[in-house]
Amino acid sequence: MNFKFDTNEYRNPVKVNYPGREDELSLHSGFALYLLRKRKDTGMSKMDEIFEKVEQIGKELAPDGDYKLCITGHSLGGALATLCGFYCGAKPRFAHLSTIYIWTFAAP
């Protein structure tokens, strides 16, 4: 996926209308495909799987739903962490989180 370096247009997940908002975002094809492509067996994307795990672990550690989310990644993982954090921040299911941190190291 790293070598699919062209860009493709993806729907902007942020629903709020802000100055300069575009309906489509131009994302790195390989990174976006890795996170957003639906699996044939479950119909879920890698991003959906991550969101499910985050909610599951978050409810175990903080039953009241008040927790901070930290997303990290190195190199390719840094690019994926950035996209994951952006999509996580745009999802209403995570609106209750007090903070979403993203730390990347040597990300493209």
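Cut-offs and rules
Residues numbered from 1 in each chain as written. Predicted model: local features only at pLDDT ≥ 70, side-chain atom pairs only at ≥ 80, totals over all residues. Heavy atoms only, no water. Salt bridge = Lys/Arg side-chain N within 4 Å of Asp/Glu carboxyl O. Helix = DSSP H or I, 4+ residues; strand = E, 2+ residues; numbered from the N terminus. Buried < 20%, exposed > 50% of the residue type's maximum accessible area, 1.4 Å probe, protein only. Expected span 1.5 Å × (residues − 1). Arc of directions from axis to C-beta. Contact = heavy atoms within 4.5 Å. Polar contact = N/O pair within 3.5 Å; in protein donor to acceptor, adjacent residues only side chain to side chain.

Further remarks concern the pattern of salt bridges. The final tally for this structure, using the stated rule, is seven salt bridges. Of the charged contacts, one joins Asp 48 and Lys 38 as a salt bridge, the two residues approaching to 3.3 Å between their closest N and O atoms. Placement of the pair is Asp 48 in helix H2 (residues 46-61) and Lys 38 in the loop between helix H1 (29-36) and H2, with a sequence separation of 10 residues. Relative accessible area serves as the criterion here: at 23%, Asp 48 is assigned to the partly exposed category. Asp 41 is paired through a salt bridge with Arg 39; the nearest N and O atoms lie 2.5 Å apart. By relative accessible area, Asp 41 is classed as exposed at 56%.

Next up on the list: H2. Over its 16 residues, H2 extends 22 Å from the first C-alpha to the last, a length consistent with the 22 Å expected when each residue adds 1.5 Å. Taken together, the buried positions of H2 are Met 47, Phe 51, Val 54, Glu 55 and Gly 58. Buried residues of H2, seen end-on, are gathered within an arc of 95 degrees and therefore sit on one face of the element. Residues of H2 that are buried in the fold lie against H1, strand E3 (68-74) and helix H3 (76-90).

To continue, consider the side chain of Glu 55. Tracing the backbone shows Glu 55 in helix H2. Among the polar contacts made by the side chain of Glu 55, one reaches the side chain of Arg 93 at a distance of 2.8 Å. Contacts of Glu 55, omitting those with residues within four sequence positions, involve Tyr 67, Arg 93 and Phe 94.

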